[in-house]
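The lines below spell out each chain.
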Amino acid sequence: LLRSSQPLTGPNRRRCREDEKLLGTILDEDERGFVIDTRSAQAAKQARMGGGGTEPKSSYPQWRRLHRALERGRPLQESFTKLVEACGEPAPSMDRWLGRLDGSRWLGHVKAALSTACLAAQCLDREGSHVLVHGAEGTDTTLLVTALAQLILDPACRTLEGFQGLLEREWIEAGHPFQLRCARSASSHARGKQEAPIFLLFLDCVWQLSRQFPFSLEFGEQLLLTLFDNAYASAYGTFLCNNEKERSLCKVKESTHSLWAWLNQPEEKHKYLNPLYSHNPLVIWPSVEPQSIQLWQGFFLRWIRPSQHLDEAWVQIRRLVEGN
């Protein structure tokens, strides 16, 4: 599973022979690979008309291109804003609530992200093929797909330690610009051009996996909520800056504490573990049918719905498991 930090051809050039040579060395003569492009076919066409942005098929004869458009930026931000506003409406009728939920299109974004990740996972697991995922910049939807695909395929990524490693590798070191994307409160109406809840979309997809496979992830919902909180406001340096270069210049590792070190303390760690967890060595294939994708109430209704009874139930489950 590969990810590209930029399109395989750049502005004002028709071919990139270095990329052609690199991808050519990955495959043997009888092998094939898939390029999953998270831009729409129309967006790729427009980029090509501007002088670059996509690679000619003839230069990559062993690679098959698959377009799976994933929204990012303003459309994703507007979708999230509509859903937050719908959740905050006092006592709406059922028809109005369902209409506003559907109109926000947020669950559609969740479905699209999981579907694309499943496609990447299927190419790897069932086809035995190499997969290259890339998009407009390679720091948003690209990371979303590669991280979710690894969760689906690799049981090691579904442990608490493995999930932290996945986030460090696929989001932080890969250059997701947390400072730009999470510049303000997620629910703020004042928006910068670079803001977008792409990391929240990833966490929502992980929650969908944890709901459909309640025994297969070692961590629970509380960890996902904590990660969201720390992406927007944190006493730790883990999500600071936009890339490794900026973190190095700002000496983040030398000047701040790590979120992972805090989470892994014994007195803290138990709060984030799933008491129902049982190691599952198999691939977990999520359902993406409309009835299978649900609203993440623990997040979107977090400050509206009282959580006391749910918290008590979670404590009781832990006690029962430990007692047995």
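Our subject in this report is the structure included herewith. (Residues numbered from 1 in each chain as written. Predicted model: local features only at pLDDT ≥ 70, side-chain atom pairs only at ≥ 80, totals over all residues. Heavy atoms only, no water.)

### Quick look at the overall build of the protein chain
Here's step 1: The secondary structure content of the protein chain amounts to 16 helices and four strands.
Here's step 2: For the protein chain, buried positions account for 46% of its 324 residues.
Here's step 3: Taking as baseline every contact in the protein chain between residues at least 6 positions apart, the subset at least 24 positions apart corresponds to 80%. (Helix = DSSP H or I, 4+ residues; strand = E, 2+ residues; numbered from the N terminus. Buried < 20%, exposed > 50% of the residue type's maximum accessible area, 1.4 Å probe, protein only. Contact = heavy atoms within 4.5 Å.)

### Some remarks on the nonpolar core
Here's step 1: Counting 71 residues, the largest nonpolar core has Trp-106, Leu-148, Phe-163, Trp-171, Phe-199, Phe-202 and Leu-227 as the members making the most contacts within it.
Here's step 2: For Trp-106, the residues in contact, after removing those within four places along its chain, are Leu-76, Ser-79, Phe-80, Leu-83, Pro-197, Leu-200, Leu-201, Asp-204 and Phe-300.
Here's step 3: Counting residues in each nonpolar core, the second largest holds six residues, with Leu-27, Tyr-60, Trp-63 and Leu-132 among its members. (Core = buried A, V, L, I, M, F, W, Y, C linked by side-chain atoms within 4.5 Å.)

### Quick word on the sheet that holds strand β2 (residues 33-37)
Here's step 1: Sheet architecture is open: four strands sit in the order β1-β4-β2-β3, paired in parallel fashion. Since the sheet does not close on itself, it has two edges, and those belong to β1 (2-3) and β3 (63-67), each with one partner.
Here's step 2: Across five bridges, the pairing between β2 and β3 is parallel. Considered in β3, the bridge of Asp-37 is made with His-67. (Pairing = 2+ DSSP bridges.)

### Section: the side chain of Gln-164
Here's step 1: Checked against the element boundaries, Gln-164 lands in helix α7 (residues 160-172).
Here's step 2: Once you skip the residues sitting within four places of it in the chain, Gln-164 turns out to touch Trp-260, Leu-263 and Asn-264.

### A few points about the packing of aromatic side chains
Here's step 1: In this structure the tally under the stated criterion is 19 aromatic pairs.
Here's step 2: Ring centres of Trp-262 and Tyr-272 lie 6.5 Å apart, and the angle between their planes is 65°; on these two criteria the pair is classed as edge-to-face. Of this pair, Trp-262 sits in helix α13 (residues 259-263) while Tyr-272 sits in the loop between α14 (266-269) and α15 (297-300), and the two are 10 residues apart along the sequence.
Here's step 3: Judged by relative accessible area, Trp-262 falls into the partly exposed class, the value being 23%.
Here's step 4: Relative accessible area serves as the criterion here: at 5%, Tyr-272 is assigned to the buried category.
Here's step 5: Measuring from centroid to centroid gives 4.9 Å for Phe-299 and Phe-300, while their planes differ by 90°, and the two rings are edge-to-face. (Phe/Tyr/Trp six-rings, centres within 6.5 Å; stacked < 30°, edge-to-face > 60°.)

### Topic: the pairing of β2
Here's step 1: Summarising burial for β2: five of the five residues are buried, a large majority.
Here's step 2: Inspection of the sheet shows β2 paired to strand β4 (residues 130-134) by five bridges, in the parallel sense. The partner of Val-35 across the bridge, within β4, is Leu-132.

### Overview of the packing of helix α5 (residues 106-125) against helix α6 (residues 141-153)
A packed helix pair is summarised by two numbers, namely the angle formed by the two axes and the spacing between the axes.
Here's step 1: It is at 8 Å that the axes of α5 and α6 come closest, and there the two elements cross at 60°. Comparing their axes, α6 and α5 come out oblique. Crossing geometry of α5 relative to α6 is assigned as right-handed. Of α6, the residues touching α5 (which contributes Ala-113, Leu-114, Thr-116, Ala-117, Cys-118, Ala-120, Ala-121, Leu-124 and Asp-125) are Leu-144, Val-145, Leu-148, Ala-149, Ile-152 and Leu-153.
Here's step 2: For the contact of α5 with α6, the per-class residue count stands at 13 nonpolar, one polar and one charged. (Axes fitted to C-alpha atoms, helices over the stretch in contact; angles between N-to-C directions. Parallel < 35°, antiparallel > 145°, perpendicular 65-115°, else oblique. Left-handed = near helix turned anticlockwise from the far one by under 90°. Nonpolar A, V, L, I, M, F, W, Y, C, P; charged D, E, K, R; others polar.)

### Concerning the environment of Arg-184
Here's step 1: Positionally, Arg-184 belongs in the loop between α8 (178-181) and α9 (198-212).
Here's step 2: For Arg-184, a relative accessible area of 37% translates into the label partly exposed.
Here's step 3: Sequence spacing of Arg-184 and Tyr-232 is 48 residues, and the spatial spacing of their C-alpha atoms is 7.0 Å.

### Observations regarding a nonpolar patch on the surface
Here's step 1: On the surface, a nonpolar cluster with roughly 230 Å² of combined accessible area is contributed by Phe-215, Leu-276 and Val-321.
Here's step 2: In this structure, Leu-276 sits in the loop between α14 and α15.
Here's step 3: Taking the relative accessible area as the measure of exposure, Leu-276 reaches 31% and is therefore partly exposed. (Patch = residues over 30% accessible without salt bridge, like charges linked within 9 Å, V, L, I, M, F, W, Y side chains within 5 Å. Areas by Shrake-Rupley, 256 points an atom, 1.4 Å probe, with all protein chains shown as cover. Salt bridge = Lys/Arg side-chain N within 4 Å of Asp/Glu carboxyl O.)

### Let's talk about the packing of α6 against α9
Here's step 1: The N-to-C vectors of α6 and α9 enclose an angle of 20°; their axes lie 10 Å apart at closest approach. One element, α6, and the other, α9, form an angle in the roughly parallel class. Every pair of crossing elements has a handedness; the one defined by α6 and α9 is right-handed. Contact residues: Thr-141, Leu-144, Ala-147, Leu-148, Leu-151 and Ile-152 in α6; Ile-198, Leu-201, Phe-202, Cys-205, Val-206 and Leu-209 in α9.

### Digging into the pattern of salt bridges
Any two side chains of opposite charge can pair, given that their charged atoms come close.
Here's step 1: Per the counting criterion, the structure on display carries 13 salt bridges.
Here's step 2: Across the salt bridge formed by Arg-65 and Asp-37, the nearest N and O atoms sit 2.6 Å from each other. Placement of Arg-65 in strand β3 and of Asp-37 in strand β2 is noted, with a sequence separation of 28 residues between them.
Here's step 3: Under the relative-accessibility criterion, Asp-37 is labelled buried at 0%.
Here's step 4: Ionic contacts of the salt-bridge type, sharing partners, join the residues Arg-72, Glu-137, Asp-140 and Arg-181 into one network.

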